[in-house]
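The lines below spell out each chain.
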Amino acid sequence: MDQSAIADRRQLRRKLTFWRVAAILIALIALFAAASWKWSGSQPVDHIARVKISGIIQDDSELLERLDRIARNDRVKALVVTISSPGGTTYGGEVLFKALRKVAEKKPVVSDVRTLAASAGYMIATAGDTIIAGESSITGSIGVIFQYPQMKDLMDKLGVSLEEIKSAPLKAEPSPFHPASEEAKTMIRSMVMDSYDWFVDLVAERRKLPRDEVLRLADGSIFTGRQALAVKLVDRLGGPEAIRAYLDERKVAADLPFVDYEPTNRSGFPFFGSAQELARSLLGLDLAPTLEKLAGQKLFLDGLVSVWQVDRD
């Protein structure tokens, strides 16, 4: 091969390398821009926001921030909250309820009850302007519970005792290291019933039901969607068609797309979370299950809980 051919080949190789690098940089810039735009929540067209609330309900600041962005975004014409939860902390349900009602002050909110929305899960469902459930969905379980372990018998078998000096008899009660006194039980029972009364009043107000009727339903019972409709705990049965029908009644255009508002990545790098979503949409790769397994998060609920059948794994 003569020198001119070698020079031409080298020049062609340099050009190919240049364009390959340029293509990669353009792709990275586009990905970064798309991820930043997606994370910021500034969708360029009118749409219906959709938020998923699943698992155990706790005080979730990231979810509250998402709901606040939805409330302030004029491009969002309605919000659909899909709920699949056995409940959680009473306070977690309370703050989510209030956040959803703030959204409802500006745009329609639909509570979409999936497989299970019980206890605090039902509490947040009542924040919607309407509640739509499946015929076999499980809901209800209106109530509050406070649980604490008792380890005295085990400690006695091990020959271990605990001595304590405290400022007053009810300090740090109930304790797992000795049976609760009647005064301690009375204190906890009073706190539970105060939260229970608040929950009952909330359901009575939101469902426009007499308090006596809600009290009859608020014995911890659970209901299928069909049963819940009969006792007016939900408004209608169905799925996406029922949601669209309700939004049409609220003058929300039927052709508006649904946009899922996903949580930002727990690692604290919002770009990574958005890029992960883009990878799933563009490449069909869903990394979330793998990351959740690697995270190995454990659940601890503190204080009063409104929950049905917690998984004890």
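The numbering scheme is per chain: residues are counted from 1 as the chain's sequence reads. With the structure being a predicted model, the display of local features is reserved for residues of pLDDT at least 70 and the display and counting of side-chain atom pairs for 80 or more, all residues being used for whole-chain, interface and lining totals. Note that the side-chain values use all heavy atoms of the structure and ignore hydrogens as well as water.

### Examining the overall build of the protein
Piece 1. Tallying secondary structure elements over the protein gives 11 helices and nine strands in all.
Piece 2. By the burial criterion, 38% of the 313 residues in the protein qualify as buried.
Piece 3. Partitioning the intrachain contacts of the protein with sequence separation of at least 6 by distance along the chain shows that 74% fall at a separation of at least 24. A run of H or I in DSSP counts as a helix once it spans at least four residues, and a run of E counts as a strand once it spans at least two, with each numbered from the N terminus. Three exposure classes are used, based on accessible area relative to the maximum for each residue type with a 1.4 Å probe and protein chains only: buried under 20%, partly exposed in between, and exposed over 50%. A contact between two residues is defined here by any heavy atoms of the two lying within 4.5 Å.

### Some remarks on the packing of aromatic side chains
Piece 1. Within 6.5 Å between ring centres, the rings of Phe, Tyr and Trp (the latter by its six-membered ring) count as paired, and their orientation is classed by plane angle as stacked under 30 degrees, edge-to-face over 60, tilted in between. The final tally for this structure, using the stated rule, is one aromatic pair.
Piece 2. Aromatic pair phenylalanine 146 and tyrosine 148: ring centres 6.3 Å apart, planes at 50°, arrangement tilted.
Piece 3. Exposure remark for phenylalanine 146: the relative accessible area of 25% places this residue in the partly exposed category.

### Some remarks on the packing of helix α2 (residues 61-72) against helix α3 (residues 90-104)
Piece 1. Convention adopted: a line fitted to C-alpha atoms gives each axis, helices being fitted over their contacting stretch, and angles between N-to-C directions are expressed from 0 to 180 degrees. In contact at an axis separation of 9 Å, α2 and α3 are set at 10° when each is read in the N-to-C sense. Classed by the angle they form, the pair α2 and α3 counts as roughly parallel. Note on element contacts: α3 touches α2 through Val95, Leu96, Ala99, Leu100 and Val103, opposite Leu63, Leu64, Leu67, Ile70 and Ala71.
Piece 2. Side-chain classes follow a simple rule in which Ala, Val, Leu, Ile, Met, Phe, Trp, Tyr, Cys and Pro form the nonpolar group, Asp, Glu, Lys and Arg form the charged group, and the remainder, Gly included, forms the polar group. In terms of residue class, the contact of α2 with α3 is made up of 10 nonpolar, no polar and no charged. Any angle that is under 35 degrees is reported as roughly parallel, and any over 145 degrees as roughly antiparallel; angles of 65 to 115 degrees are reported as roughly perpendicular and all others as oblique.

### Remarks on the pattern of salt bridges
Piece 1. A pair is scored as a salt bridge if a Lys or Arg side-chain nitrogen falls within 4 Å of a carboxyl oxygen belonging to Asp or Glu. Applying the stated criterion to the full structure yields 17 salt bridges.
Piece 2. One salt bridge connects glutamate 135 with arginine 226, and the closest N-O pair in it is separated by 3.9 Å. Placement of glutamate 135 in the loop between β4 (130-133) and β5 (138-140) and of arginine 226 in helix α8 (residues 225-230) is noted, with a sequence separation of 91 residues between them.
Piece 3. Take arginine 226: its relative accessible area is 55%, and that puts it in the exposed class.
Piece 4. The salt bridge partner of arginine 211 is aspartate 201, with a shortest N-O separation of 2.5 Å. Residue arginine 211 is located in helix α7 (residues 211-217), and its partner aspartate 201 is located in helix α6 (residues 182-207); the two are separated by 10 residues in the primary sequence.
Piece 5. For arginine 211, a relative accessible area of 33% gives the class partly exposed.

### What to know about the layout of surface pockets
Piece 1. Taken as a whole, the second largest pocket encloses approximately 160 Å³ of empty space.
Piece 2. In terms of lining, the second largest pocket is formed by Leu64, Leu67, Asp68, Ala71, Val95, Ala99, Lys102, Val103, Glu105 and Lys106.
Piece 3. Looking at the lining of the second largest pocket, the elements that each hand over two or more residues are α2 and α3.
Piece 4. A per-class count over the lining of the second largest pocket returns six nonpolar, no polar and four charged. With a 1 Å grid spanning the protein atoms alone, the term cavity applies to any set of points in which a 1.4 Å probe fits but cannot get out, the term pocket to an open set with protein on both sides within 12 Å along at least five of seven lines, and the term lining residue to any residue with an atom within 4 Å of a point. Grid points are joined across faces, edges and corners, and a volume is the space filled by probe spheres set on the points.

### Topic: a nonpolar patch on the surface
Piece 1. What goes into a patch is any residue over 30% in relative accessible area without a salt bridge, connected to like charges within 9 Å or, for nonpolar side chains (Val, Leu, Ile, Met, Phe, Trp, Tyr), within 5 Å. Accessible areas in this description were obtained via Shrake-Rupley with a 1.4 Å probe; residue shielding takes into account the shown protein chains only. A contiguous nonpolar surface patch, about 540 Å² in accessible area, is contributed by Met151, Leu154, Leu158, Val160, Leu162 and Phe177.
Piece 2. For valine 160, the location among the structural elements is in the loop between α5 (152-158) and α6.

### Details of the pairing of strand β3 (residues 109-118)
Piece 1. Taken across its 10 residues, β3 has eight buried, putting it largely inside the fold.
Piece 2. Between any two strands, at least two bridges found by DSSP are needed for them to pair. Bridge analysis of strand β2 (residues 76-89) against β3 gives six bridges, and the strand direction is parallel. From the neighbouring strand, valine 81 faces β3, where its bridge partner is serine 111.
Piece 3. Seen with its strands pointing away from the viewer, a crossover is right-handed when the path leading from the first strand over the helix to the second is clockwise. Crossover β2 to β3 through α3 is right-handed.
Piece 4. Handedness of the β-α-β unit built from β3, helix α4 (residues 120-125) and β4 comes out right-handed.
Piece 5. Bridge count for β3 against β5 is three bridges, and the pairing is parallel. When the sheet's bridge partners are listed, alanine 118 is paired in β5 with glycine 140.

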